[in-house]
Amino acid sequence: MLTHEQKKVFIETYGCQMNMYDTELIKSILISNQFGLTEKESDADIVMLNTCSVRDNANRKIQNRVHEIKKAKKNTMIGVLGCMATNFKTELLENKSFPIDFIAGPDSYKTLPTLINSLISSGKQQYDVTLSEFETYSDINPTRQDGVNAWIAIMRGCNNFCTFCVVPYTRGRERSREPKNIVEEVKRLVKDGYKQVTLLGQNVNSYRYEQYDFTDLMKMVSDVEGIERIRYTSPHPKDYPVKLLHLMKERDNICNQIHMPLQAGNDRVLHKMNRTYDKQEFLDLVTQIKSIIPNIGISTDIIVGFPTETEEEFLDTYDVMEQVQFDSAFIFKYSERPNTRAAQKFPDDVSEADKKSRVIRLNDLQNNISLKKNHNLIHTTQKVLIESLSTKKSNNEIQGRAECNRIVIIPKEKQKLGDTINCLITDATRNVLKGVELKENQEFAISTKRNLNLIHS
Ligand code: 5AD
Ligand code: SF4
């Protein structure tokens, strides 16, 4: 029998950026325990599915994947990792013939080598789904691939218990990493050539370590020499102190961009969701953000069809979207998650047809807003960080992001990955901006011309 040192692991990642980041941690844990990694499932002795259970009815999807993997290669060992680990533990215990070999929850990745060794030596299925109040993986240096942006989890877990959300149950309580340790990581990343860091957390702005809050941490990260861009996701509207907004405005390397989930625009629904703010408070916060940082890019998440949401209440969400004019929005149909308070207390009573119609109407509204806002950026100059030297459609074009997080497509010249260039925006669709690179003297000419136009108009 092979020892684990000779085994090759293939990891398939589902869901959010935190899961992508966790996969980078898992890779490091495996490498330092002498596992091999492979990018090809067919070469793998072990397949790990790093799962997400936030929205889709993913149980069925993962079950099908497990059967598919076993069918392709009978002796592949399969592990279910991440948010669905707890669900699958029950499945495993109730249905011994279900072909999963091991299960590890989001706080158990360091035990993976032990779990796999025990599996190999005993031939028995293994699991560890214990949630920890302390595990932050701050001692693990993730195995990253992308050379421009690096994700850094600064806190894990969530204490908010929004009634629709499974995260507090699957990922446990909030805990934050020591600021010094995060700053050291950012310094290392700059040395390794990364230009941007994105600070991650289920509830990123409720970061707290001893006397340090999120604004303190942002200041420390922003002070790291050589870090060009800092982003963070996802904040909760309840933790937005004015001092954070002023810091964002003052610091050139903190991007003027916020992804701030609204979820719903109606007070009764927001209360039932346990979001702790009402419609007016959200609108006031957006007004304050825009008054401090006028060119801010704001995106959001929305859930339609939360239990008992009426058509009239849905129209409040529509109204907030019209008033705020988000740059983009992710719009989801409510889907009942096991164990959540909503699942226990409120029947999922909005019809599928109503949910669908509400999603379509919000998407139509947002598409028009995004197109209009992108069109307004034509003839402006944007600083673009180059993230890819080709696009899906062409090898003659490259792609990057403006500070507000919009994708900008530019004709390829001699740019390199990670360059920051000035671009004149020449065209726009609802999803992307198109631009041309400006050389220094052109930039001067264009700004002068625009000033003249302004004087003459
Ligand atoms: N149903 C639909 N959408 C959900 N989200 C979280 N839980 C649910 C659910 N049960 C959405 C929220 C959150 C995003 C990550 O996923 O909008 O902000
Ligand atoms: Fe879920 Fe709410 Fe926590 Fe976000 S803040 S992870 S939606 S419980």
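Residues numbered from 1 in each chain as written. Chains lettered and ligands numbered in written order. Predicted model: local features only at pLDDT ≥ 70, side-chain atom pairs only at ≥ 80, totals over all residues. Heavy atoms only, no water.

(A) Local environment of the site of ligand 2. Taken together, C158, N160, F161, C162, F164, C165, V167, P168, H236 and R275 make up all the residues around ligand 2. Taken together, the residues of the shell around ligand 2 sort by class into seven nonpolar, two polar and one charged. (Near = heavy atom within 4 Å. Nonpolar A, V, L, I, M, F, W, Y, C, P; charged D, E, K, R; others polar.)

(B) Highlighting the domain arrangement of the protein. Here the domain parsing of the protein yields domain 1 (4–128), domain 2 (144–255), domain 3 (260–376) and domain 4 (381–456). Computed from C-alpha atoms alone, the centre-to-centre distance between domain 1 and domain 2 is 28 Å. Contact residues are listed per partner, giving 15 residues for domain 1 and 18 residues for domain 2. Buried surface at the junction of domain 1 and domain 2, both sides included, amounts to about 1,400 Å², of which 53% is carbon and sulfur. In terms of surface lost to domain 2, no three residues of domain 1 exceed Q17, M18 and Y21, which account for 42% of the buried area on that side. Here R156 makes a salt bridge to D22, at a shortest N to O gap of 3.0 Å. Here the residues of the side of domain 1 that touches domain 2 are counted per class, giving seven nonpolar, three polar and five charged. (Domains from an automatic or database assignment. Contact = heavy atoms within 4.5 Å. Buried area = accessible area lost by both parts, 1.4 Å probe. Salt bridge = Lys/Arg side-chain N within 4 Å of Asp/Glu carboxyl O.)

(C) Expanded view of the nonpolar core. Counting 68 residues, the largest nonpolar core has I154, L199 and Y232 as the members making the most contacts within it. Broken down by element, this core gets its largest block of residues, six residues, from helix 10 (residues 279–292). Both domain 2 (144–255) and domain 3 (260–376) contribute no fewer than three residues apiece to this core. (Core = buried A, V, L, I, M, F, W, Y, C linked by side-chain atoms within 4.5 Å. Buried < 20%, exposed > 50% of the residue type's maximum accessible area, 1.4 Å probe, protein only. Helix = DSSP H or I, 4+ residues; strand = E, 2+ residues; numbered from the N terminus.)

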